[in-house]
Amino acid sequence: MKKSKFYVCPICGNVTVCTGESAVSCCGRKLEALTPVKGDDLKTEVVEDEWFITSDHPMRKDDYISFVAFLTGDRMELMKQYPEWDLQVRLRKRGHGMLVWYSTSKGLFYQLL
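Residues numbered from 1 in each chain as written. Predicted model: local features only at pLDDT ≥ 70, side-chain atom pairs only at ≥ 80, totals over all residues. Heavy atoms only, no water.

Caption draft 1: Spotlight on the overall build of the chain. Secondary structure summary: the chain contains zero helices and twelve strands in total. When the elements of the chain are put in sequence order from the N terminus, they spell out β-β-β-β-β-β-β-β-β-β-β-β. With respect to the principal axes defined by its C-alpha atoms, the chain has extents near 45 × 35 × 20 Å. Burial analysis of the chain (113 residues in total) assigns 40% to the buried set. Pairs at least 24 residues apart make up 52% of the contacts formed inside the chain by residues separated by at least 6 positions. (Helix = DSSP H or I, 4+ residues; strand = E, 2+ residues; numbered from the N terminus. Buried < 20%, exposed > 50% of the residue type's maximum accessible area, 1.4 Å probe, protein only. Contact = heavy atoms within 4.5 Å.)

So this is what it looks like as structure tokens:
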């Protein structure tokens, strides 16, 4: 799952995740797989048996984090986020993995946990 490819439609914001090579289109456009870059915008802390993830991102309608996903070798958990809501995500701590998130203005990022 750590090698999953993320596609986001620039028109409607649809999120598509594929575990292999594929041709994806949405709203009449062919989408390209996004390449994640290393980021550290999200703050993580352990609370009991969960990761508690927050961010100081403004979450405005024109600039917000659209989703947060946690990927391990055999599973993925994706949480959709919405503008004008604070970013606060709780994930069950299941060992090490990769935290991936998509900012509508800056693109796809990842952080190792």
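Caption draft 2: A look at the packing of aromatic side chains. Throughout the structure, instances matching the rule amount to four aromatic pairs. Summarising the aromatic geometry, the rings of Phe67 and Tyr102 are spaced 6.1 Å apart at their centres and angled 10° between planes, so their arrangement reads as stacked. Taken together, the residues Phe67 in strand S8 (residues 65-71) and Tyr102 in strand S11 (residues 98-103) connect sequence positions 35 residues apart. Residues Phe67 and Tyr102 agree in their burial class; the two are buried. One aromatic cluster in this structure is built from Phe6, Phe67 and Tyr102. Cation over ring: Lys80 sits above Tyr82, and NZ or CZ is 5.5 Å from the ring centre. (Phe/Tyr/Trp six-rings, centres within 6.5 Å; stacked < 30°, edge-to-face > 60°. Lys NZ or Arg CZ within 6 Å of the ring centre and 35° of its normal.)

Caption draft 3: Spatial organisation of the side chain of Gln111. Along the chain, the position of Gln111 falls in strand S12 (residues 107-112). At 3.5 Å, the side chain of Gln111 forms a polar contact with the backbone oxygen of Leu42. Other than its neighbours up to four places away in sequence, Gln111 contacts Gly39, Asp40, Asp41, Leu42, Thr44, Gly97, Met98, Leu99 and Trp101. (Polar contact = N/O pair within 3.5 Å; in protein donor to acceptor, adjacent residues only side chain to side chain.)

Caption draft 4: Up close: the sheet that holds S11. Strand order in the open sheet made by the five strands is S5-S12-S11-S8-S9, with mixed pairing throughout. Sheet topology places strand S5 (37-38) and strand S9 (76-80) at the edges, where each strand pairs with a single neighbour. Across six bridges, the pairing between S11 and S12 is antiparallel. When the bridges of S12 are listed, Trp101 appears paired with Phe109. (Pairing = 2+ DSSP bridges.)

Caption draft 5: Molecular detail of the sheet that holds strand S7 (residues 50-55). One open sheet holds the three strands; their spatial order is S6-S7-S10, and the pairing between them is antiparallel. Edge positions in the sheet fall to strand S6 (42-47) and strand S10 (88-92), since each of these pairs with one other strand and no more. The mean inter-strand angle of the sheet, taken between neighbouring strand axes irrespective of direction, is 25°. Two elements, S6 and S7, share six bridges in a ladder whose sense is antiparallel. Note that in S7 the partner of Glu45 across the bridge is Phe52. (Axes fitted to C-alpha atoms, helices over the stretch in contact; angles between N-to-C directions.)

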